[in-house]
Amino acid sequence: MRPDPTVTTAATGDSAALPGCDSFTNTDKDSTMSFPDKKLTVRSSSDLATAVPYLLGFHPDDGSAVVIAMREHRIVFAARGDLPATDAAAQEFLDHAAHLAAVIHRQHHITDTVIIGYGPVDRIDPALRLYDEAFTASGITVRHLLCVTGTRITSLTCGDPTCCPPEGTLFDPTTSLVAVQATAAGQVALPNRAALAARITPVTGTSRDAMHLATVEAAPRLITLLAAGNNVLEQAGTDAIRYALRQHDDGERLPDTDMAWLTLLLTQTPVRDAAVDLTEPEEHHITFWVDAVRRAEEPLVPAPATVLALTAWRNGNGALALIAVERALQINPNYELADLLLQTLQAGLPPSTFDQA
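Below you will find a few notes about this structure. All residue numbers refer to positions counted from 1 along the written sequence of the respective chain. Per-residue local features of the predicted model are confined to residues with pLDDT of at least 70, and side-chain atom pairs are confined, for both listing and counting, to 80 or more; whole-chain, interface and lining totals are unaffected and use all residues. Note that water and hydrogens are dropped before the side-chain values are worked out from all heavy atoms of the structure.

### Regarding helix α12 (residues 318-331)
And step 1. An ideal rise of 1.5 Å per residue puts 20 Å on 14 residues; α12 measures up with 20 Å between its terminal C-alpha atoms.
And step 2. Buried, partly exposed and exposed residues are distinguished by accessible area as a fraction of the type maximum, computed with a 1.4 Å probe on protein chains only: under 20%, between the cut-offs, and over 50%, respectively. Counting from the N terminus, the helices are DSSP H or I runs at least four residues long and the strands are E runs at least two residues long. Judged by how many residues are buried, α12 sits mostly within the fold: 11 of 14 residues are covered.
And step 3. Regarding α12, the residues found buried are G318, A319, L320, A321, L322, I323, A324, V325, R327, A328 and L329. In a helix, the anticipated span is given by 1.5 Å times the number of residues less one.

### Observations regarding helix α4 (residues 177-184)
For an α-helix, 3.6 residues make a turn, and residues three or four places apart therefore share a direction.
And step 1. Residues of α4 that are buried: V178, A179 and A182. Angular distribution of buried residues about the axis of α4 spans 95°; they occupy a single face of the element. Turned more than 90 degrees away from the buried face of α4, the exposed residues are L177 and A184.
And step 2. G186 occupies a position one or two residues after α4 and carries a positive phi of about 90°. Comment: arc refers to directions from the helix axis out to C-beta atoms.

### Brief notes about the pattern of salt bridges
Note on pairing: side chains with opposite charge can pair once their charged atoms come close.
And step 1. Between Lys or Arg on one side and Asp or Glu on the other, a salt bridge is scored when a side-chain nitrogen of the former is within 4 Å of a carboxyl oxygen of the latter. Under the criterion given, the structure shown has 10 salt bridges.
And step 2. Two residues, E283 and R199, come together in a salt bridge whose shortest N-O distance is 3.0 Å. On the criterion of sequence distance, the pair formed by E283 in helix α10 (residues 283-295) and R199 in the loop between α5 (193-197) and α6 (205-227) is long-range, its members being 84 residues apart.
And step 3. With relative accessibility at 27%, the residue R199 sits in the partly exposed group.
And step 4. When the shortest N-O distance is used, the salt bridge between D291 and R253 registers 3.2 Å. Placement of the pair is D291 in helix α10 and R253 in the loop between α7 (230-249) and α8 (256-265), with a sequence separation of 38 residues.
And step 5. For D291, a relative accessible area of 15% puts it in the buried group.
And step 6. Salt bridges sharing partners connect three or more residues here, namely R253, D256, D291 and R295.

### Considering the packing of aromatic side chains
And step 1. Classification of ring pairs uses Phe, Tyr and Trp, with its six-membered ring standing for Trp, and accepts pairs whose centres are within 6.5 Å; under 30 degrees between planes counts as stacked, over 60 as edge-to-face, and the remaining range as tilted. As enumerated under the stated definition, the model contains 1 aromatic pair in all.
And step 2. Between the aromatic rings of F288 and W289, the centroid separation amounts to 4.9 Å while the plane-to-plane angle is 80°, which identifies the pairing as edge-to-face. Of the two residues, F288 and W289, both sit in the buried class.
And step 3. Looking at R221, its charged tip hangs above the ring of W261, at a distance of 3.9 Å from the centre. Look at NZ for Lys and CZ for Arg. If either is within 6 Å of the ring centre and within 35 degrees of the ring normal, a charge sits over the ring.

### Topic: the nonpolar core
And step 1. To qualify as a nonpolar core, a set must consist of buried Ala, Val, Leu, Ile, Met, Phe, Trp, Tyr and Cys residues joined through side-chain atoms within 4.5 Å. Within the largest apolar cluster, 74 residues are counted, with the highest numbers of intra-cluster contacts made by I68, L262, W289 and L308.
And step 2. In terms of residue count, the dominant contributor to this core is α12 (9 residues).
And step 3. The criterion used for residue contact is that any of the two residues' heavy atoms lie within 4.5 Å. Apart from the residues lying within four places of it in its own chain, the contact partners of L262 are A240, I241, A244, L254, F288 and W289.
And step 4. Counting residues in hydrophobic clusters, the runner-up holds 28 residues, among them F77, V103, I115 and V142.

Spelled out as structure tokens, the structure:
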């Protein structure tokens, strides 16, 4: 878990908790996962392994480690990161785990954690033992260490072969009730992180040509507006944002001319800040800003990408937030708001931080 953009975090609100081993199915030990309008019951480590991709928004690749932080019987935070190379020194694993433990400590009232590694058991077992050591040393209770190898989940801490056989337990996430209910609740689990990043891939072909032409044609209009003063600029920006979001809420895709004008206006800090204030942390507004990032001319991407990142973070979608902020900084490494948000995401601060600012 490097202290850099490879770490993906997600504030999950009312989510899931692992009751214990696969044999724990008594109702007094069941836990729940809450999605909008849905509450799911998690009864086993297999259920939790099935739920993780819905918490993160994508299936972790091999070589990943996921930490689930719980408050009593609810998950309140999830983080995914890349494990160090197999030939890395033990201290590197301990250092990375200590960094993540510091992130976990910033959450409120964490009672315990579950650490899940993805890949062959012979690689994951020694790595997670070091994470367990670092977490325990920092005062964090680790309830369970799990290894997911394909569709087989192995407990690295339960010594009872009747509930946790040493060869692991097969599970089918495609037919799991947790997966069915999560999907019904509108949650998406993409194949991997790359698939999530592809969500904001720039448009190409005739769509790119049309946006380029619309942006070139709108540029003189911005120059004229800047000469009119800040008050006129801010009002024009606010009007453009309100119109764009209203069009999107009504199911209409913003025309190229209007999107080009909006992306030009967003280069001005007061307009970008107004966009942050006027955007709701809801999926339908996330969809709008995804479209804006994809259609914006590359030099204009940092502002809409940062608004998208803030919106996704406030919505609890830390994975998309991180990908969007990485996109902004890839184009402009000195974009201050994106850099500040990146530090916030790496620190694992909850979205409530934004509302308290």
